[in-house]
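# Report on the structure
As a plain string of letters, each chain reads:
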Amino acid sequence: MLYELVNFSDQISALNVFRYITFRTGGAIFTALLFVLMFGPAIIDLLRLKQGKGQPIRTDGPQSHLLKRGTPTMGGLMILAGVTVSTLLWAQLSNGYIWVVLGVALSYGAIGFYDDFLKVTKRTTAGFSGRIRFLLEILVAAIAGFALMMLSPKGLSTDLTFPFFKDFVVNLGPFFVLMAVLVIAGAGNAVNLTDGLDGLAIVPVMIAAATFGVIAYLSGNAKFAGYLQIHHVPGTGELSVICGALIGAGLGFLWFNAPPAMIFMGDTGSLALGGTLGAIAVAIKHEIVLAVVGGLFVLETLSVIIQVLSFRWTGKRVFKMAPLHHHYEQKGWKESTVVIRFWIISVILALVGLSTLKLR
């Protein structure tokens, strides 16, 4: 919005700063942060009033989690509100990538919200039908994948790229949409599985958002993309603004989600945040890099898959409990220890992801 307001005035050089993606990304960070900090307490009070007993706690999970009864959920609402307001204020609204990624965030947030709503009203940890939920996720991701394919440059629109090998691409043709579904829906559910401890999911999401904010900015700039030998995708630099909004809203949410949490993000937040990261990765042609930068989410997901398959085939469990963070809790690690060590892993993986930029 602010970008559009200064479009008419090339003569006023002082306002030209609003044209810079870096400046607007910084503005998005602080706007989202202030929004969540200002309105967060009121949102928490409202959710606590409406939900009564708060998010249902699994009885088969770690016993220490039973102490968290009464904590309200749906904290993702404050994150999404902060991201949306900040993006609409600072982003170039004529950019199609902005609307596709924001659409995924809000759509996945709506799916997660309905799931959370059923949990708190029916007092169950089950939510609504997993099959219906997954079909809705696939539908949203397919629409987003098709839209991103249409927005991408013709010579790159259906290609899957690989880190370090700029000249090696695989043209997926119509299967590009299927790949986009796997990335977007997969990322959404991976973050959802990771969100099990106070502060555990939000910090890795912010780390991934910061990493992809840098990559999006570089990919959207022809000179930087050429120098770093990554694919130039015109217009994707604007996605840095959304990444900045994610960081700011995430910081604000962490203020209230830090142990002991005053609120949980719920599926409303985790599904939306993961889907957003997935959509950004597809837009900037760094889908494989997302698996590296979001390696913690991948590990959490794999732990669940391995646990299920192992028990089904052998009757034995590989982990004491899945997802992976519960395994370490059961081994005697304190919750804060698990969270901070997983944060460290996320930082390391983000640095590895950035190393895929072919610096010379």
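Preceding block: the structure.
Here we summarise the structure given alongside this text. (Residues numbered from 1 in each chain as written. Predicted model: local features only at pLDDT ≥ 70, side-chain atom pairs only at ≥ 80, totals over all residues. Heavy atoms only, no water.)

Turning our attention to the overall build of the protein chain. Regarding its fold elements, the protein chain presents 14 helices and two strands. For the protein chain, the residues scored as buried account for 52% of the 360 residues in total. Of the roughly 16,200 Å² that the protein chain leaves accessible, carbon and sulfur atoms contribute 70%. (Helix = DSSP H or I, 4+ residues; strand = E, 2+ residues; numbered from the N terminus. Buried < 20%, exposed > 50% of the residue type's maximum accessible area, 1.4 Å probe, protein only. Areas by Shrake-Rupley, 256 points an atom, 1.4 Å probe, with all protein chains shown as cover.)

So, about the side chain of Glu329. Inspection of the secondary structure assignment puts Glu329 in helix α13 (residues 324–330). Take Glu329: its relative accessible area is 10%, and that puts it in the buried class. In terms of polar contacts, Glu329 uses its side chain to reach the side chain of His326, at 3.0 Å. (Polar contact = N/O pair within 3.5 Å; in protein donor to acceptor, adjacent residues only side chain to side chain.)

Before going further, it helps to spend a moment on helix α12 (residues 295–314). The end-to-end C-alpha distance of α12 is 27 Å, a good match for the 28 Å that 20 residues give at a rise of 1.5 Å each. Among the residues of α12, Gly295, Leu296, Phe297, Glu300, Ser303, Gln307 and Ser310 are the ones counted as buried. Structurally, α12 contributes buried residues whose contacts are with α6 (175–194), α7 (202–219), α11 (287–293), α13 and α14 (335–354). (Expected span 1.5 Å × (residues − 1). Contact = heavy atoms within 4.5 Å.)

Looking now at the nonpolar core. Ranked by internal contacts, the top residues of the largest apolar core, which has 89 residues, are Ile79, Tyr108, Ile202, Phe212 and Leu239. With eight residues, the next largest nonpolar core counts Leu200, Leu296, Leu324 and Phe342 among its residues. (Core = buried A, V, L, I, M, F, W, Y, C linked by side-chain atoms within 4.5 Å.)

A few words now on the packing of aromatic side chains. Evaluation of the coordinates by the stated rule reveals seven aromatic pairs. Both rings, one in Phe35 and one in Phe39, keep their centres 4.8 Å apart while their planes meet at 45 degrees; by these two values the pair is tilted. In this pair, Phe35 and Phe39 are both assigned in helix α2 (residues 21–51), four residues apart and thus about one turn of the helix distant. (Phe/Tyr/Trp six-rings, centres within 6.5 Å; stacked < 30°, edge-to-face > 60°.)

This part takes up the packing of helix α4 (residues 96–122) against helix α5 (residues 130–151). Where α4 meets α5, the axes come as close as 10 Å, and the angle between the chain directions of the two elements is 180 degrees. As summarised for this structure, α4 and α5 are arranged roughly antiparallel, according to the angle between their axes. Residues Gly96, Tyr97, Val100, Val104, Ser107, Tyr108, Ile111 and Asp115 of α4 touch α5, and the partners they reach there are Arg133, Leu136, Glu137, Val140, Ala141, Ala144, Ala147, Leu148 and Leu151. Here the contact of α4 with α5 is built from residues that sort into twelve nonpolar, two polar and three charged. (Axes fitted to C-alpha atoms, helices over the stretch in contact; angles between N-to-C directions. Parallel < 35°, antiparallel > 145°, perpendicular 65-115°, else oblique. Nonpolar A, V, L, I, M, F, W, Y, C, P; charged D, E, K, R; others polar.)

What follows covers unusual backbone geometry. Cis peptide bonds are those with omega within 30 degrees of zero, and the linkage from Pro259 to Pro260 qualifies with -10 degrees. By the element assignment, Pro260 lies in the loop between α9 (239–257) and α10 (266–283). Omega for the bond connecting Ala322 with Pro323 falls within 30 degrees of zero, at 5 degrees, which places this linkage in the cis form. For Met74, which is not glycine, the phi torsion reads 70 degrees and is therefore positive. Mapped onto the fold, Met74 is located in the loop between α2 and α3 (76–90). Positive phi, close to 65 degrees, is recorded for Lys285, a residue that is not glycine. Note that Lys285 resides in the loop between α10 and α11.

Time to look at the environment of Ser157. With respect to the helices and strands, Ser157 occurs in the loop between α5 and β1 (159–162). When the C-alpha positions of Ser157 and Phe146 are compared, they lie 9.7 Å apart, and in sequence the two are eleven residues distant. When near neighbours in sequence (up to four residues on either side) are disregarded, Ser157 contacts Met149, Ser152, Phe176 and Lys285. A distance of 3.4 Å separates the side chain of Ser157 from the backbone oxygen of Lys154, its partner in a polar contact.

On to α3. Relative to the 21 Å expected for 15 residues at 1.5 Å per residue, α3 spans 21 Å between its end C-alpha atoms, a close match to the ideal helical length. Those residues of α3 lying buried are Gly76, Met78, Ile79, Leu80, Gly82, Val83, Thr84, Ser86, Thr87 and Trp90.

Right, let's talk about a nonpolar patch on the surface for a bit. Among the surface-exposed residues, Val298, Leu299, Leu302, Ile305, Ile306 and Val318 lie close enough to one another that they form a single nonpolar patch of about 470 Å² accessible area. Mapped onto the elements, Val318 comes out in the loop between α12 and α13. (Patch = residues over 30% accessible without salt bridge, like charges linked within 9 Å, V, L, I, M, F, W, Y side chains within 5 Å. Salt bridge = Lys/Arg side-chain N within 4 Å of Asp/Glu carboxyl O.)

Following the criterion strictly, the structure yields seven salt bridges and no others. Put simply, Arg133 and Asp115 hold a salt bridge, and the shortest N to O gap is 2.6 Å. Placement of Arg133 in helix α5 and of Asp115 in helix α4 is noted, with a sequence separation of 18 residues between them. Here Arg133 matches Asp115 in class, with each residue buried. Arg133 is paired through a salt bridge with Glu137; the nearest N and O atoms lie 3.0 Å apart. With Arg133 and Glu137 both in helix α5 and four residues apart, this pair spans about one turn of that helix. By relative accessible area, Arg133 is classed as buried at 8%. According to the relative accessible area criterion, Glu137 is buried, its value standing at 1%. Shared partners join several salt bridges into a network, and the residues in it are Asp115, Lys119, Arg133, Glu137 and Asp267.

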